[in-house]
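Observations on the three-dimensional arrangement
Residues per chain, in single letters:
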Amino acid sequence: MDTKIKKYFFLGMGAIIMVSILLIGYGAYLNKTSETKISDRMEDRALEVQASKAVTRSLSPSVKLSRANMTSDEMADAVALINGKISSVPTKRHQLVQQGEVIMTLVNEELPAKLSQADGDILKAEAQLNQARSNYNRYSHLLELHGTSVEKTEEMEMQYRTAQAQLAQAHAQKEQILVNQSYQQVTAPLSGELVMLYRSPGSYVTAGTAVALVGDFQTLKFTFDLDDNDENMHFLRHFQNQDMLLSVNPEEMSKVFGTDFAAGNQGKAQQFRARVIEISPDFAEDAALRRVTIEVDNSSHLLEPHIYRDVRLSAGDAISCLTVPDDALDHEKRHLFVVDDDGIVHEREVRTGSADDNYVEILSGVEAGDVVVISDQDGLTDGMKVNMTLVSGEGED
C-alpha cells in the first residue's frame, strides 16, 4: 500500500515539474516575441514634425532692442545766479522760448543798498584821488624849485597812484553789483520748449538753484553695445550708411514731460526716421565690443528723453534673399534640422544674416528648396526618422 502511494506521489511530482518547465519555456517564448515586436515598432516609429522649405523671399530686415535710453543734446536747466525771491514768471510751461529770453525775475533786497554804497565809495575815492593829484603836482613843482626833497615827492606820487587804484576798485565793485543786478533776470540757456518750471512766484532761491528746464527734442539719440556674436551685427554692417525706421512699442509712448505734439504726427502708428551716426570702434578695426549711436528724427514731438522698451530698427528698403522661418533655428541661431527625401533629419550648422519678425536670412549651410524642421525640436537628433507635414510659408516665391 505504501509503495503505491509513493508511486503516485512521484508521478504527480513529475507531472508538476513538467508542467512548470513547459510554462517557463512558454513564458520565455512570449517575452522574446514581445521584445522583438517592440524593437520592430521602435525601429518603425517616426517623430511627427512640421517643416517648411528654404526659399527666396522679400525681407524687410530689422533688429529688436530691449530698451533705448533716448537723450537730447539740446536740454539744459535755467539756473539762478544770485539769491533772491521770485517776483514774476512772464513765461508759461511748454511755451517756446529763445536763448537769452527772460523766463523768470528775482528780487534781491540787498542789491539797492549795495549799489548805493558803491556810488558813495566811488565819490569818496574820486575826492581822495583829486587831493592826491593836487599834492603830487604841488610837490613836483616844489622839487623843480628845490623847495622839497625827492623822497617827499615820491611819497606824494605813491599816494596819487594808490588813489587811482582805489577809484578803479570802487568802479569794479559797482560793475559787479550791476552784473548781479542783471542776474535777477533768469534767462533761457538755449532755444526750445519750456519743459518744466521748478519754482513759482514767491519762492526764495539761492544762487546755483535750477528753476526751469528748457529743451529742444526734435532730435534724440540713444546708444547700445554690440559684440561680435550679436545677431544684429550683420544688420548694422549692411545698413549702417542707410536711413532706417524706428518703431516704438505703443504702450511705451507716454509723455514724461508732457511736451506738446507736432502737427502731422501719426500717433502710436508713427515710425521715426533714424540713422547710425557712430560705431566705435569702427567695423574696420578689430574689436570684440562696439558702441553704436543712433540719431532719431523726432520732428513729430511724440518722443521725449526717456527709456523706451521693446524698440525695433528696420531697414528702409526690402531685400531679396534666401530665408527660413525663425522657428527653424536654435536659440543661438546657428543650427537647424534638414529633412531628406527618406524622412531622415540631418543637423546643419548655418550662418545667418538679416531678419524680420518671421524669417531669417541664410548666408550658408542651407540651399533653396531644402526642407527644414520648424516645429518643436526637443528630442530630435541627427539621423532620426520623422513623419513630416510640410507647411507653406507666406511669401514663398
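The structure under discussion appears in the preceding block.
Bear in mind that the values here come from a model prediction, so they are computed numbers and not experimental data.

1. Comments concerning the overall build of the protein
- Summing up its helical and strand segments, the protein has four helices and 23 strands in all.
- Within the protein, contacts between residues separated by at least 24 positions form 78% of all contacts whose residues are at least 6 apart in sequence.
- A total of about 23,700 Å² of accessible surface is found on the protein, and carbon and sulfur atoms cover 50% of it.

2. What to know about the sheet that holds strand 16 (residues 307-315)
- Strand order in this open sheet of six strands is 3-16-13-14-15-12, and the pairing throughout is antiparallel. Where the open sheet ends on each side, the last strands, each with one partner, are strand 3 (62-69) and strand 12 (219-227). Neighbouring strand axes in the sheet, compared pairwise and without regard to direction, differ in orientation by 35° on average.
- Relative to strand 15 (residues 289-297), strand 14 (residues 272-280) is paired through six bridges, and the arrangement is antiparallel. Bridge pairing in strand 15 places Arg-275 opposite Glu-295.

3. What to know about the layout of surface pockets
- One number sums up the size of the largest pocket: a volume of about 750 Å³.
- Elements that contribute at least two residues to the lining of the largest pocket include exactly strand 3, helix 4 (233-239), strand 20 (351-355) and strand 21 (359-364).
- As for the second largest pocket, its lining consists of 13 residues, and the residues nearest its centre are Leu-96, Glu-193, Gly-215, Asp-216 and His-301.
- Secondary-structure elements contributing two or more residues to the lining of the second largest pocket are strand 6 (96-97) and strand 9 (192-197).

4. Some details on a nonpolar patch on the surface
- Residues Ile-17, Met-18 and Ile-21 make up a contiguous nonpolar surface patch of about 310 Å² in total accessible area.
- Within the element layout of this structure, Met-18 appears in helix 1 (residues 2-44).

5. Some points on the nonpolar core
- Core analysis: the biggest nonpolar cluster contains 38 residues, and Met-70, Phe-222, Phe-224, Leu-246, Ile-294, Val-296 and Leu-313 have the highest contact counts within it.
- Of all the elements in the fold, those that place two or more residues in this core are strand 3, strand 12, helix 4, strand 13 (244-248), strand 14, strand 15, strand 16 and strand 17 (319-325).
- With residues near it in sequence (within four places) discarded, Phe-222 still touches Leu-65, Ala-68, Asn-69, Met-70, Leu-246, Val-292, Thr-293, Ile-294 and Val-296.
- Counting residues in hydrophobic clusters, the runner-up holds 20 residues, among them Met-104, Leu-106, Leu-115 and Ala-188.

6. Remarks on helix 2 (residues 111-144)
- Between its first and last C-alpha, helix 2 extends 49 Å over 34 residues, near the 50 Å set by a 1.5 Å rise per residue.
- The set of residues buried in helix 2 consists of Leu-111, Leu-115, Ala-118, Ile-122, Ala-125, Leu-129, Ala-132, Asn-135, Tyr-136 and Tyr-139.
- Against the buried residues of helix 2 lie helix 3 (150-182).
- Phi turns positive, to about 60°, at His-146, one or two residues after helix 2.

7. Here we look at unusual backbone geometry
- Residue Pro-281 is bonded to the preceding Ser-280 through a cis peptide linkage, with omega at -5°.
- With respect to the secondary-structure elements, Pro-281 resides in the loop between strand 14 and strand 15.
- The backbone of His-94 sits at a positive phi, close to 75°, despite the residue not being glycine.
- For His-94, the location among the structural elements is in the loop between strand 5 (84-88) and strand 6.

8. Overview of the pattern of salt bridges
- Going through the model one piece at a time under the given rule, you end up with eleven salt bridges.
- Residue Lys-152 pairs with Glu-155 through a salt bridge whose shortest N-O separation is 3.8 Å. Residue Lys-152 and its partner Glu-155 are located together in helix 3, separated by three residues, close to a single helical turn.
- One salt bridge in this structure joins Glu-295 and Arg-275, with 3.1 Å as the shortest N-O distance. Taken together, the residues span a long stretch of sequence, with Glu-295 in strand 15 and Arg-275 in strand 14 at a distance of 20 residues.

9. Digging into the packing of aromatic side chains
- Applying the stated criterion across every chain yields a total of four aromatic pairs.
- With a centroid separation of 6.1 Å and an interplanar angle of 40°, the aromatic rings of Phe-217 and Phe-257 are classed as tilted. You can see Phe-217 sitting in the loop between strand 11 (210-215) and strand 12 and its partner Phe-257 sitting in the loop between strand 13 and strand 14, a full 40 residues away along the chain.
- Residue classification places Phe-257 among the buried positions, given a relative accessible area of 15%.

10. Topic: the sheet that holds strand 5
- Here we have four strands laid out as an open sheet, ordered 8-7-5-10, and antiparallel in their pairing. Each edge of the open sheet is held by one strand with a lone partner, namely strand 8 (185-187) and strand 10 (204-205).

11. Examining the environment of Thr-323
- Structurally, Thr-323 is set in strand 17.
- When the C-alpha atoms of Thr-323 and Ser-354 are compared, they prove to be 9.4 Å apart, with 31 residues separating the residues in sequence.
- Contacts of Thr-323, omitting those with residues within four sequence positions, involve Lys-53, Ala-54, Val-55, Arg-57, Leu-59, Tyr-359, Val-360, Glu-361 and Ile-362.
- Within the structure, Thr-323 has its side chain in polar contact with the side chain of Arg-57 (distance 2.6 Å).

The rules we used
Residues numbered from 1 in each chain as written. Predicted model: local features only at pLDDT ≥ 70, side-chain atom pairs only at ≥ 80, totals over all residues. Heavy atoms only, no water. Helix = DSSP H or I, 4+ residues; strand = E, 2+ residues; numbered from the N terminus. Contact = heavy atoms within 4.5 Å. Areas by Shrake-Rupley, 256 points an atom, 1.4 Å probe, with all protein chains shown as cover. Pairing = 2+ DSSP bridges. Axes fitted to C-alpha atoms, helices over the stretch in contact; angles between N-to-C directions. 1 Å grid on protein atoms, 1.4 Å probe; cavity = no way out; pocket = protein on both sides within 12 Å on 5 of 7 lines; lining within 4 Å. Points joined across faces, edges and corners; volume = space filled by probe spheres on them. Patch = residues over 30% accessible without salt bridge, like charges linked within 9 Å, V, L, I, M, F, W, Y side chains within 5 Å. Salt bridge = Lys/Arg side-chain N within 4 Å of Asp/Glu carboxyl O. Core = buried A, V, L, I, M, F, W, Y, C linked by side-chain atoms within 4.5 Å. Buried < 20%, exposed > 50% of the residue type's maximum accessible area, 1.4 Å probe, protein only. Expected span 1.5 Å × (residues − 1). Phe/Tyr/Trp six-rings, centres within 6.5 Å; stacked < 30°, edge-to-face > 60°. Polar contact = N/O pair within 3.5 Å; in protein donor to acceptor, adjacent residues only side chain to side chain.

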